[in-house]
Amino acid sequence: MGIAAFSSDGGLEARPLTPVVGAEIVGVDLGAVSEDQFAFIRDAFDRYAGLLFRGQDLTPERLVAFSRRFGDLDHAPVMENGRTAVPGLPEVYLVSNIKDTDGKEIGSLGAGEAVWHTDMSYLAAPPDISMLHAIEVPPAGGDTWLCGMNAAYNALPPELKRRVEGLRIKHDGTYNSGGYVRQGVTPTDDPRKSPGTYHPVVIAHPNTGQPLLYLGRRRMAHIEGLDLADSEALLDELWAYATREENAYRHSWRVGDVLMWDNRATMHRRDPFDAASRRLMRRTQVKGATQPKAYAG
Ligand code: OGA
Ligand code: MN
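Computed from a predicted structure; not experimentally measured.

Peer 1: Just give me the short version of the overall build of the protein, but keep the residues and values in it.
Peer 2: Each helix and strand in the protein was counted, giving 5 helices and 18 strands. Here the C-alpha radius of gyration of the protein, 19 Å, is about what a compact globule of 297 residues would show, namely 19 Å. Overall, the protein is about 50 × 50 × 35 Å in size when its C-alpha atoms are taken along their principal axes. A total of 297 residues make up the protein; the buried ones form 54% of that total. The long-range fraction of contacts in the protein, counting pairs at least 24 apart against all pairs at least 6 apart in sequence, stands at 78%. Entry remark: accessible area of the protein is about 12500 Å², with carbon and sulfur atoms responsible for 50%. Taking the average location of the 33 positive side-chain charges in the protein and that of its 39 negative ones, the two points are 2 Å from each other.

Peer 1: Talk me through the coordination of the manganese ion (ligand 2); I want residue IDs and the actual numbers.
Peer 2: Here the manganese ion (ligand 2) is held by the protein donor atoms His117 (NE2), Asp119 (OD) and His268 (NE2), which lie 2.1 Å from it. In the primary sequence, the donor residues of the manganese ion (ligand 2) line up as H-x1-D-x148-H. Here the residue His117 occupies a position in strand 7 (residues 114–117), and His268 occupies one in strand 17 (residues 266–270), the gap between them amounting to 151 residues. A single burial state applies to His117 and to His268, both of which are buried.

Peer 1: An account of empty space enclosed by the protein is requested, with residue identities and associated values reported.
Peer 2: Inspection of every chain in the model, using the stated rule, returns 3 cavities of 30 Å³ or more. Residue lining of the largest cavity: 21 residues in total, with Leu109, His117, Asp119, Ser177 and Arg283 positioned closest to the centre. Secondary structure elements with two or more residues in the lining of the largest cavity: strand 5 (93–96), strand 7 and strand 17. By residue class, the composition of the lining of the largest cavity is 9 nonpolar, 5 polar and 7 charged.

Peer 1: Requested: an account of the site of ligand 1, with residues and values cited.
Peer 2: Every residue near ligand 1 is listed here: Val95, Leu109, His117, Asp119, Leu132, Thr144, Trp261, His268, Arg270, Arg279 and Arg283. Asp119 has a polar side-chain atom sitting 3.0 Å from an oxygen atom of ligand 1. At 2.7 Å from an oxygen atom of ligand 1 is found a side-chain nitrogen or oxygen belonging to Arg283. Coverage of ligand 1 by the protein chains reaches 99% of its 290 Å² of free accessible surface. For the shell around ligand 1, a count of residues per class yields 4 nonpolar, 3 polar and 4 charged.

Peer 1: Quick one: what's the story with the pattern of salt bridges, residue by residue and with numbers?
Peer 2: Summed over all chains, the structure comprises 21 salt bridges. Measuring nitrogen to oxygen at the nearest pair gives 3.3 Å for the salt bridge that ties Asp74 to Lys287. Placement of Asp74 in the loop between helix 2 (60–68) and strand 5 and of Lys287 in the segment after strand 18 (280–286) is noted, with a sequence separation of 213 residues between them. With relative accessibility at 38%, the residue Lys287 sits in the partly exposed group.

Peer 1: I'd like a rundown of the side chain of His222, residues and numbers included.
Peer 2: The topology assignment puts His222 in strand 14 (residues 222–223). For His222, a relative accessible area of 4% corresponds to the buried category. Once you skip the residues sitting within four places of it in the chain, His222 turns out to touch Arg168, Ile169, Lys170, Pro191, Arg192, Tyr198, Leu228, Ser231 and Leu235.

Peer 1: Outline the environment of Gln183, supporting the account with residue identities and numerical values.
Peer 2: Structurally, Gln183 can be placed in the loop between strand 10 (168–172) and strand 11 (196–200). Since its relative accessible area comes to 46%, Gln183 is described here as partly exposed. In sequence terms Gln183 and Gly166 are 17 residues apart; their C-alpha atoms lie 32 Å from each other. For Gln183, the residues in contact, after removing those within four places along its chain, are Val78, Met79, Glu80 and Gly82.

Peer 1: An account of the pairing of strand 9 (residues 144–148) is requested, with residue identities and associated values reported.
Peer 2: In terms of residue burial, strand 9 counts as a mostly covered element, since 5 of its 5 residues are buried. Of the two faces of strand 9, the one lined by Thr144, Leu146 and Gly148 and the one lined by Trp145 and Cys147 are each fully buried. The pairing of strand 9 with strand 15 (residues 248–251) spans 4 bridges and is classified as antiparallel. Looking at the pairing, Thr144 lines up with His251 of strand 15. Looking at chain direction, strand 9 and strand 17 are connected through 5 bridges and run antiparallel. The partner of Trp145 across the bridge, within strand 17, is Arg269.

Conventions used here
Residues numbered from 1 in each chain as written. Chains lettered and ligands numbered in written order. Predicted model: local features only at pLDDT ≥ 70, side-chain atom pairs only at ≥ 80, totals over all residues. Heavy atoms only, no water. Helix = DSSP H or I, 4+ residues; strand = E, 2+ residues; numbered from the N terminus. Rg over C-alpha atoms; globule rule 2.2 N^0.38 Å. Buried < 20%, exposed > 50% of the residue type's maximum accessible area, 1.4 Å probe, protein only. Contact = heavy atoms within 4.5 Å. Areas by Shrake-Rupley, 256 points an atom, 1.4 Å probe, with all protein chains shown as cover. Lys, Arg positive; Asp, Glu negative; His and termini not counted. Charge placed at Lys NZ, Arg CZ, Asp CG, Glu CD. Donors = N, O, S within 2.8 Å, 3.2 Å for Na, K, Ca; no water. 1 Å grid on protein atoms, 1.4 Å probe; cavity = no way out; pocket = protein on both sides within 12 Å on 5 of 7 lines; lining within 4 Å. Points joined across faces, edges and corners; volume = space filled by probe spheres on them. Nonpolar A, V, L, I, M, F, W, Y, C, P; charged D, E, K, R; others polar. Near = heavy atom within 4 Å. Polar contact = N/O pair within 3.5 Å; in protein donor to acceptor, adjacent residues only side chain to side chain. Salt bridge = Lys/Arg side-chain N within 4 Å of Asp/Glu carboxyl O. Pairing = 2+ DSSP bridges.

This is the structure we're talking about:
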């Protein structure tokens, strides 16, 4: 990952947020992105894996329109309230603890911690990109963290890199990152039997070719072919390299922020916040252009 700041003729600038992941793009209105500016943003996204745009005033329709420039969108997963999406905009997912007049939460993930994960990787073809737009933010807490999965792979000792070659991990489809059971799933406590998809432990980024540690989520994960105890031990060893603080960017939200991340090259988590305060994010997810593929070395 090239980490120096760089700028384009279109007046945009990419300012790295940490040495390993994330950059802030300054000088752009996401409601009116020119072709040149979009080319700059695409390039920066491959380079930094996470991008921040501050001060964006976007309708949900414009968020959808900007997201679509990266590819077809996935429909939002069914939310915890049983609703599929925002009426008329099936691509928009709401992440929120706000309750409607019936006392039902309007979105997902509540106010608790969302543990480290990547989005929807229980699918065979998970979304490549997720994008959050901050509409309401609490006065404290609710920070979102991104970690870099190329740096995580690079940090593995050579012996561990060899040990995981050719192995696959089950990405569980039972629980979302807030610990809620997904719609239509009956939970089991055996990760070998739970719904989900096995993906290679190390994948190649389709655009950059970089090796990425691809962990998905820790709960109910399983390494194919290993008994449970060996699988748990190896997973714990791998996870310890991914979620180190020096491998992460911590984002404190302001209204109008857009944060987008690459679901293969990063994982993310969210700090809890006071349930009495309000937080509302709109999210879109760009369909996977390819299924995650093993890194060939
Ligand atoms: C998500 C997610 C965390 C947050 O939308 O996929 O994990 O900060 N959100 O709301
Ligand atoms: Mn998520």
